[in-house]
Amino acid sequence: GGDFTPNTCLTWTDGGWSVSHNLVFDTYDHTSWVTEDGVLIIGGDYSDTTEMATWQGTTEQRFDLKHDSSRSCLIDEGETFLLTGGYYSMETVSRYGMNGWLEDLDNLNTGRADHGCTMYTNNDGVKTYLVCGGYDGSYLDSCEMNIATTRSWSYTTSLPRPLSFLRGVTES
């Protein structure tokens, strides 16, 4: 997917790019989730559904999304994932599994799109979700966290400056 090729997936192989999948649904501003079956392409500006790009080179529709996910951020929980915010559902946080929507968590305190998000283990050994930056009509520096055993979000230390289109990784 993407602005200029919304119905194909490109893969880096042997030092070059090639089309690995032809998608059924056009998509851009989407997110994705790597699974043992392949890569699940999730929503985006043209799509309110998901499509599995299998490791064997085929594609198949999986499930429709409960909320729009354009420009949202995905937190990989292993067997499930959280979709946080997004351009048309800025406050929403939803949990999905391989077969679709499971539950909504409490809304973010500040709705946002184009933000960064991750999961880490805090000093007490508890999974913690972190959402930072993004855009809500202006660029954001605020961060919110959620302790995995709760549903609500609370503000935490802000970024040093407003940032959007954040990307990050969590090291084990």
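For the structure itself, consult the block above.
So, here's what we can say about the structure.

Calculation criteria
- Every chain's residues receive numbers from 1 upward, in the order its sequence appears when written.
- Selection of residues for local features in this predicted model requires a pLDDT of at least 70, selection of side-chain atom pairs for listing and counting requires 80 or more, and totals for whole chains, interfaces and linings are taken over all residues.
- With hydrogens and water excluded, all non-hydrogen atoms of the structure serve as input to the side-chain values.
- Any two strands with at least two DSSP-identified bridges between them are counted as paired.
- Helix and strand assignments come from DSSP, with helices taken as H or I runs of at least 4 residues and strands as E runs of at least 2, each series counted from the N terminus.
- What counts as a salt bridge is simple: a side-chain nitrogen of Lys or Arg found within 4 Å of a carboxyl oxygen of Asp or Glu.
- Note on classification: 1.4 Å probe, protein chains only; a residue is buried when its accessible area is under 20% of the maximum for its type, exposed when over 50%, partly exposed between these limits.
- Angles shown run from 0 to 180 degrees and are taken between the N-to-C directions of axes, each axis being a line fitted to C-alpha atoms and, for helices, limited to the stretch in contact.
- Any cysteine sulfur atom paired with another within 2.5 Å is treated as part of a disulfide.

## Concerning the pairing of strand 1 (residues 8-13)
Logical step 1: Here strand 1 runs beside strand 2 (residues 16-22); their pairing, made up of 6 bridges, is antiparallel. Residue C9 lies in a different strand from strand 2, and its bridge partner there is H21.
Logical step 2: Two successive antiparallel strands, strand 1 and strand 2, enclose a turn made up of 2 residues, where D14 displays a positive phi of approximately 50°.

## Regarding the pattern of salt bridges
Logical step 1: Counted under the stated rule, the structure contains 8 salt bridges.
Logical step 2: Among the ionic pairs, R62 bridges to E60, the shortest N-O distance being 2.9 Å.
Logical step 3: Of the residues examined, R62 reaches a relative accessible area of 28% and is grouped as partly exposed.
Logical step 4: A residue is classified by how much of its surface remains accessible, and E60, at 34% relative accessible area, is partly exposed.
Logical step 5: The salt bridge involving R71 is made with D114; its shortest N-O contact spans 2.5 Å. With R71 in the loop between strand 6 (59-64) and strand 7 (73-76) and D114 in the loop between strand 10 (100-104) and strand 11 (116-121), the pair connects residues that are 43 residues apart, well separated along the chain.
Logical step 6: Salt bridges linked by common partners bring E77, R95, E103 and R151 together as one network.

## Points about the sheet that holds strand 9 (residues 93-97)
Logical step 1: Ordered in space as 7-8-9-10, the 4 strands form an open sheet in which the pairing is antiparallel. Bordering the open sheet on either side are strand 7 and strand 10, each of which pairs with just one other strand. On average, each strand axis in the sheet is tilted by 30° relative to the strand beside it, whichever way the strands run.
Logical step 2: As paired strands, strand 8 (residues 81-84) and strand 9 are joined by 4 bridges and run antiparallel to one another. The residue of strand 9 that forms the bridge with T84 is V93.

## A short note on the state of the cysteines
Logical step 1: Using the criterion set out here, one finds 2 disulfides in the structure.
Logical step 2: Residue C73 pairs covalently with C117 via a disulfide, S to S 2.0 Å. In this structure, the disulfide formed by C73 and C117 twists by about -95° around the S-S bond and is classed as left-handed. Placement of C73 in strand 7 and of C117 in strand 11 is noted, with a sequence separation of 44 residues between them.

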